[in-house]
2 protein chains.
Amino acid sequence: MSNQSKPVYLKLRDMIAAAIIDGQYREGEMLPSVRALAAEQGANPLTVAKAYQQFQNDGLVEVQRGVGMYVAKGASATLREREREAFLKEEWPEIRTRMDRLGIAPADLLADA
Amino acid sequence: MSNQSKPVYLKLRDMIAAAIIDGQYREGEMLPSVRALAAEQGANPLTVAKAYQQFQNDGLVEVQRGVGMYVAKGASATLREREREAFLKEEWPEIRTRMDRLGIAPADLLADA
DNA sequence: TATAGTGCATCAGTGCCATAATACAGCGCG
DNA sequence: CGCGCTGTATTATGGCACTGATGCACTATA
C-alpha cells in the first residue's frame, strides 16, 4: 500500500525517517548528500532535496550550506514520538474500522511474535 | 490517512465498497444514480461514474442501461473476501513493521473498545 | 586562486485529476 | 408518441503534483 503509486519524494522521506529512528543515521552524523542518495536510489537530486526539505522545516536535520546536512540532536526520539502519536491517533482508528468491516479480529494478528 | 489528498473517485469507490460490505446497499437493490450521488456528495457526475466503473468491470454491480445499477448477487461476500486478502497480504505486514519501529505494543491498541 | 563538493533557485515539461457543456442511447410509463 | 429518468461518450479546459535539466551560491581544501 505504501509502496505502489506513492510519490517518490514521500517514499524517500519515509526511508530516511526509518533510518533515523533505527539509528542507521546517527545524531550528529552527516546524511548522504542529495546527489549521492539520488544516484543510489536512481532518483533526481531535486526529488531527494524535496524529501529532505520536510526534515529541515521541522528542525530534525541541520543544514550547513556548502557542506552537508546533519542529523539534529534528539531527532531520533522526536521522530519516533511524533510518528507514534500520529499512528495511534489517526491511522489506527481507521485500520480498526476496516478490520471490523472485513471480519478480522485484532487479537488474531497481534498474538504472534 | 485515507481521507486526505486522495483522488475523489477513489474516495467514492471506498465509500461505495464499504456500503456494500456493510449491507447498506443490499444485493439486488438499486444503487444511487450517478447524478444523484454526485449531487449528494458535491462531485461531478463523471467522477462518480468513474468510481462505479471499477465495480462494473469486476461484475460486482450490474448495469441496466436506462434504468440504473444494481448490486450483483454475492457482491458483498466477494468484496469482503477480496479486501480481506489484500489487507492481510499487503497492508498488515507493513503496519506491523511500523509498529515495531515505533515501539507500539499490541496491548496499547487493545486497551480501548 | 583553483577545484570539487555541498545545498538551493528557476524554468519547463508531463501526466493525472476534476470539471464543464453537450449530445447520445436505452428504459418505463402515461 | 412524449416525457423523464437512467448510464455513456465526446471534447475541452483548468489546476495541481511530480519530475527533470540547468545554473548559481556557498564552503572546505589544496
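From a predicted model like this one, the values you see are computed outputs, not experimental measurements.

Novice: Could you give me a rundown of the domain arrangement of chain A, with the residues and numbers involved?
Specialist: All names here are of chain A. Taken domain by domain, chain A consists of domain 1 (8–73) and domain 2 (76–110). If you average the C-alpha positions of domain 1 and of domain 2, the two centres end up 26 Å apart. Facing 7 residues of domain 1, the contacting portion of domain 2 comprises 6 residues. Together, the buried faces of domain 1 and domain 2 total about 650 Å²; carbon and sulfur atoms form 61% of this surface. At the surface where domain 1 touches domain 2, the tally comes to 1 salt bridge. Asp58 is the partner of Arg82 in a salt bridge, and the nearest nitrogen-oxygen pair spans 3.1 Å. Where domain 1 touches domain 2, the interface holds 3 residue pairs in polar contact (both at pLDDT 80 or more). The leading source of residues in the side of domain 1 that touches domain 2 is helix H1 (residues 8–21), at 3 residues. Of the residues contributing to the side of domain 1 that touches domain 2, the split by class is 5 nonpolar, no polar and 2 charged.

Novice: Give a detailed account of the protein's contact with DNA strand C, specifying residues and quantitative values.
Specialist: Taken together, the neighbourhood of DNA strand C is formed by 21 residues, with Arg35 of chain A together with Pro7, Val8, Thr47 and Gly66 of chain B sitting nearest. Protein-adjacent atoms of DNA strand C, using a 4 Å cutoff, are sugar or phosphate at a proportion of 65%. Side-chain polar atom of Arg65 of chain A to a base nitrogen of DNA strand C: 3.1 Å apart, as the coordinates give it. Gly66 of chain A places a main-chain nitrogen or oxygen 3.0 Å from a base nitrogen of DNA strand C. Of all the elements in the fold, those that place two or more residues in the surface near DNA strand C are helix H2 (34–41), helix H3 (45–57) and strand S2 (68–71) of chain A together with helix H1 (8–21) and helix H3 (45–57) of chain B. Broken down by element, the residue count for the surface near DNA strand C peaks at 3 residues, all from H3 of chain B. Among the residues making up the surface near DNA strand C, the classes are represented as 10 nonpolar, 7 polar and 4 charged.

Parameters and conventions
Residues numbered from 1 in each chain as written. Chains lettered and ligands numbered in written order. Predicted model: local features only at pLDDT ≥ 70, side-chain atom pairs only at ≥ 80, totals over all residues. Heavy atoms only, no water. Domains from an automatic or database assignment. Contact = heavy atoms within 4.5 Å. Buried area = accessible area lost by both parts, 1.4 Å probe. Salt bridge = Lys/Arg side-chain N within 4 Å of Asp/Glu carboxyl O. Polar contact = N/O pair within 3.5 Å; in protein donor to acceptor, adjacent residues only side chain to side chain. Helix = DSSP H or I, 4+ residues; strand = E, 2+ residues; numbered from the N terminus. Nonpolar A, V, L, I, M, F, W, Y, C, P; charged D, E, K, R; others polar. Near = heavy atom within 4 Å.

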